[in-house]
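# A look at the structure
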Amino acid sequence: MNVQSGIEKKLIDNLNTSHLEVINESNNHNVPAGSESHFKLVLVCDDFEGKNLLARHRLVNKILEDELKNKIHALAMHTYTNSEWQQKNENAPKSPPCLGGSKEG
Amino acid sequence: MDVLDRIKQQVEENPVVIYMKGTPQLPQCGFSSRTAQALQECGEEFAYINVLADPEIFQNLPRFADWPTFPQVYIKGELVGGCDITLELFQNGQLKTMVQEAAATKSAS
């Protein structure tokens, strides 16, 4: 299983996701073509109800602990409950461009 | 001094501090760049630590507050979050309030 599908599966298995986007943004970065190093998540799920952003990110970081430690270099994360997502008109922010500084990981 | 004590001292001595790749003037990563920029726009001084220039901190910061990625922003000794959280707080106006309160605490002490 590639890294992207692995991330998707873990999130679906562990959370009640109503909307999930796992976007490989590696080709915007200083890594070889076809890499799976930089990802962006858009995650809508009512498990986030009552949790602040720090707690939401911690929850996802825990689920993806192995990926963060061993497989990927960057993970942008946008976490919403269903009602927040509707207020956002179902649009998540864009990730920043790479500035080339780190090739490790 | 043990590296975790060193980090503890940095986050306690500086009301606002960012651990980033590069510096606010010459950031080496898009996420660090955006985060430092949001802090700058809050209009108060803040401290930064370039984790690329300090391998010991680079290696150990993730276990300090159990947060696996860079950048990391601390206000009044507490982890605020990484790029996405800091930007979200900036966009809804909370970051500026937090930064200004922290700066005021420092000048009062």
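Residues numbered from 1 in each chain as written. Chains lettered and ligands numbered in written order. Predicted model: local features only at pLDDT ≥ 70, side-chain atom pairs only at ≥ 80, totals over all residues. Heavy atoms only, no water.

## Overview of helix α1 (residues 3-14) of chain A
All names here are of chain A. Here is the rule: Numbered from the N terminus, helices here are DSSP runs of H or I no shorter than four residues, and strands are runs of E no shorter than two. For a helix, the expected span equals 1.5 Å multiplied by the number of residues minus one. With a 1.4 Å probe rolled over the protein chains alone, any residue whose accessible area is under 20% of its type maximum counts as buried; one over 50% counts as exposed, and the rest are partly exposed. It is the directions from the helix axis to the C-beta atoms that the arc portrays. When checking whether two residues touch, look at their non-hydrogen atoms; a contact exists if any pair is within 4.5 Å.
For α1, which comprises twelve residues, the first-to-last C-alpha distance of 17 Å matches the rise-based estimate of 16 Å (1.5 Å per residue) to within 8%. Burial in α1 covers these residues: Val-3, Gly-6, Ile-7 and Leu-11. Buried residues of α1, viewed axially, fall in a sector of 125 degrees; they line one side. On its buried side, α1 packs onto β1 (17-24), β2 (38-45), α2 (53-63) and α3 (65-71).

## Observations regarding unusual backbone geometry
All names here are of chain B. In this structure, the amide linkage connecting Phe-70 to the following residue, Pro-71, adopts the cis form with an omega of -5 degrees. Phi at Asp-66 takes a positive value of approximately 55 degrees, unusual for a residue other than glycine. Here Asp-66 is to be found in the loop between α3 (55-64) and β3 (72-75). Residue Asp-66 is classed as exposed on the basis of its relative accessible area, which comes to 57%. The phi angle at Lys-76 is positive, at roughly 50 degrees, despite the residue not being glycine. If you trace the backbone, Lys-76 turns up in the loop between β3 and β4 (78-81).

## Side note on the pairing of strand β2 (residues 47-50) of chain B
All names here are of chain B. Using the following cut-off: Think of it this way: DSSP has to see at least two bridges between two strands before they count as a pair.
Burial of β2 is one-sided: the residues Ala-47 and Ile-49 facing one way are buried, the residues Tyr-48 and Asn-50 facing the other way are not. In the sheet, strand β1 (residues 16-20) pairs with β2 via four bridges, with the strands oriented parallel. When the sheet's bridge partners are listed, Tyr-19 is paired in β2 with Ile-49.

## Examining the pattern of salt bridges
The condition is simple: A side-chain nitrogen of Lys or Arg and a carboxyl oxygen of Asp or Glu constitute a salt bridge if their distance falls within 4 Å.
Using the criterion set out here, one finds eight salt bridges over all chains in the structure. Its salt-bridge partner being A:Lys9, residue A:Asp13 comes within 2.6 Å of it at the nearest N-O pair. You can see A:Asp13 and its partner A:Lys9 sitting in helix α1, four residues apart, about one turn around the helix. Assessed through its relative accessible area of 52%, A:Asp13 is described here as exposed. Between B:Asp54 and B:Arg6 there is a salt bridge, with its nearest N and O atoms 3.2 Å apart. In this pair, B:Asp54 sits in the loop between β2 and α3 while B:Arg6 sits in helix α1 (residues 3-13), placing the two residues 48 residues apart along the sequence. Classification of B:Asp54 by relative accessible area gives buried; the value is 18%. One salt-bridge network, in which partners are shared between bridges, spans B:Arg6, B:Asp54 and B:Glu56.

## Observations concerning the sheet that holds β1(B)
All names here are of chain B. Inclusion rule: Here the axes come from fitting lines to C-alpha atoms, over the contacting stretch only for helices, and the angles between their N-to-C directions go from 0 to 180 degrees.
Taken together, four strands build an open sheet; the order of strands is β2-β1-β3-β4 and the sheet is mixed. Each of the sheet's edge strands pairs with one partner strand only, and the pair in question is β2 and β4. The average undirected angle you get between the axes of adjacent strands in this sheet is 25 degrees. Sheet strands touched by helix α2 (residues 30-41): β1 and β3. Its angle to β1, the strand with the most contacts, is close to 165 degrees. Packed on one face of the sheet, α3 meets β1, β2 and β3 and runs near 60 degrees to β3.

## Re the sheet that holds β2(A)
Residues and elements named next belong to chain A. The three strands lie next to each other as β1-β2-β3, forming an open sheet whose pairing is mixed. Two strands close off the open sheet at either side, each with one partner strand: β1 and β3 (74-80). Adjacent strand axes in the sheet meet at a mean angle of 10 degrees when their direction is disregarded. Set on the sheet, α2 makes contact with β2 and β3; between it and β3 the angle comes to about 125 degrees.

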